[in-house]
Amino acid sequence: MQLGMVGLGRMGGNMVRRLIKHGHELVVFDVNPETVESFASEGATGADDLRDFIGKLQSPRAVWLMLPAGEITENTMTEIASMLEAGDIIIDGGNSNFKDDIRRANLLQERGIRYLDVGTSGGVWGAERGYCLMIGGDETAFKHTEPIFKTLAPGMSSIAESRGRENLESTASEGYLYCGKAGAGHFVKMVHNGIEYGLMHAYAEGFDILQNAGFEKLPEARRYDLNLADITELWRRGSVVSSWLLDLTAISLAENPDLSNFSGFIQDSGEGRWTIEAAIEEEVSADVLAASLFARFRSRKEHTFAEKIISAMRKQFGGHLEPPKATTHEKVGEAMMMSGEMKTEAKAGE
């Protein structure tokens, strides 16, 4: 089917490539004309501006925004909506707050425009592995665009369905799921990222303990010189703590055993914060997730090997880079706050 994609960064660009590869027709736009030209050479139809972009789409138009959450998404969506007609569809695949989805869906519904919020996980590996898609919003819009989700998702691949699900009718085992009304998709993705923070920090603290097993204040008999790259590779095979995050850690440690190419300055995309806010509103205890978020704040003032482990994982799955080194961590944080990067840096998501 035909889809319009706005935003051709790490995630949006790879999604376009995956869709083209599987026979879908893509109309694309990005603020960088050279990027548009590049994708046009790969089989997409490029657009010069948003009006040209909308003009090249067939009714009912389906427009996917893959942009940083916040003002950029808000302004672009408003401009695009002014050119759409009743029955058209807007999809937000970025890391928007689910509360914004509810507001936007209501505003668009007044004009008959259908809205979908899609929590997207897969990072820079998604073009090859596929994306885990958590979808909320207008169910008729979901049904219309389902071929897109089916292509972007990993499918069954090599992961067997969980025992007991044999007779259940669900697309979950294919890697995409309609979760419910407006905001549900981004709500599920928000909690997904909150859990991710906790998982990453558990690994990080464990590896920090292993790294410091030779601590000079320990008795000689209890000091160990451990090969973390080998231990990580070992745990990938048969261990109950094996996971994709561990796979990515193994890659990082194989490339650079002491992670000297990382400072340990950890950013956050906002969804970890929103998860804690939701927990407070629901009066749910979220001790581990809260601690992992606060540890990221601390990492901007002092760094441990644990923080380097998390930075390494984030680079591997999402291409997230640490900010440029400054003379003090305070200057780095100040520069990020001034640029708004702390709120919008992870358009690829965690």
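Residues numbered from 1 in each chain as written. Predicted model: local features only at pLDDT ≥ 70, side-chain atom pairs only at ≥ 80, totals over all residues. Heavy atoms only, no water.

J.: I would appreciate a short explanation of the environment of M83 in the present structure.
T.: In this structure, M83 sits in the loop between helix 4 (71-81) and strand 5 (89-92). Expressed as a C-alpha distance, the spacing of M83 and N32, which sit 51 residues apart in the sequence, is 21 Å. Look past the residues within four positions of M83 in its chain and what remains in contact with it is L50, R51 and I54. (Helix = DSSP H or I, 4+ residues; strand = E, 2+ residues; numbered from the N terminus. Contact = heavy atoms within 4.5 Å.)

J.: For this particular structure, what's the right way to read the packing of aromatic side chains?
T.: How two aromatic rings sit relative to each other is set out by the distance from centre to centre and by the angle between their planes. Under the criterion given, the structure shown has 8 aromatic pairs. For the pair W125 and W244, a centre-to-centre distance of 6.3 Å together with 85° between the ring planes defines the contact as edge-to-face. With W125 in the loop between strand 6 (114-121) and helix 6 (126-129) and W244 in helix 10 (residues 244-255), the pair connects residues that are 119 residues apart, well separated along the chain. What makes W244 partly exposed here is its relative accessible area of 25%. A ring pair is formed by F294 and F297, whose centres lie 6.1 Å apart and whose planes are at 45°; its orientation type is tilted. Of the two residues, F294 and F297 are both situated in helix 12 (residues 287-299); the distance of 3 residues between them amounts to about one turn of the helix. Among the aromatic residues, those joined into a ring-pair cluster are W64, F142, F149, Y176 and Y178. Geometry around W244 places R129 over its ring, the cationic atom sitting 4.1 Å from the centre. When the ring centre of Y197 is taken as reference, the NZ or CZ atom of R296 above it lies at 3.6 Å. (Phe/Tyr/Trp six-rings, centres within 6.5 Å; stacked < 30°, edge-to-face > 60°. Buried < 20%, exposed > 50% of the residue type's maximum accessible area, 1.4 Å probe, protein only. Lys NZ or Arg CZ within 6 Å of the ring centre and 35° of its normal.)

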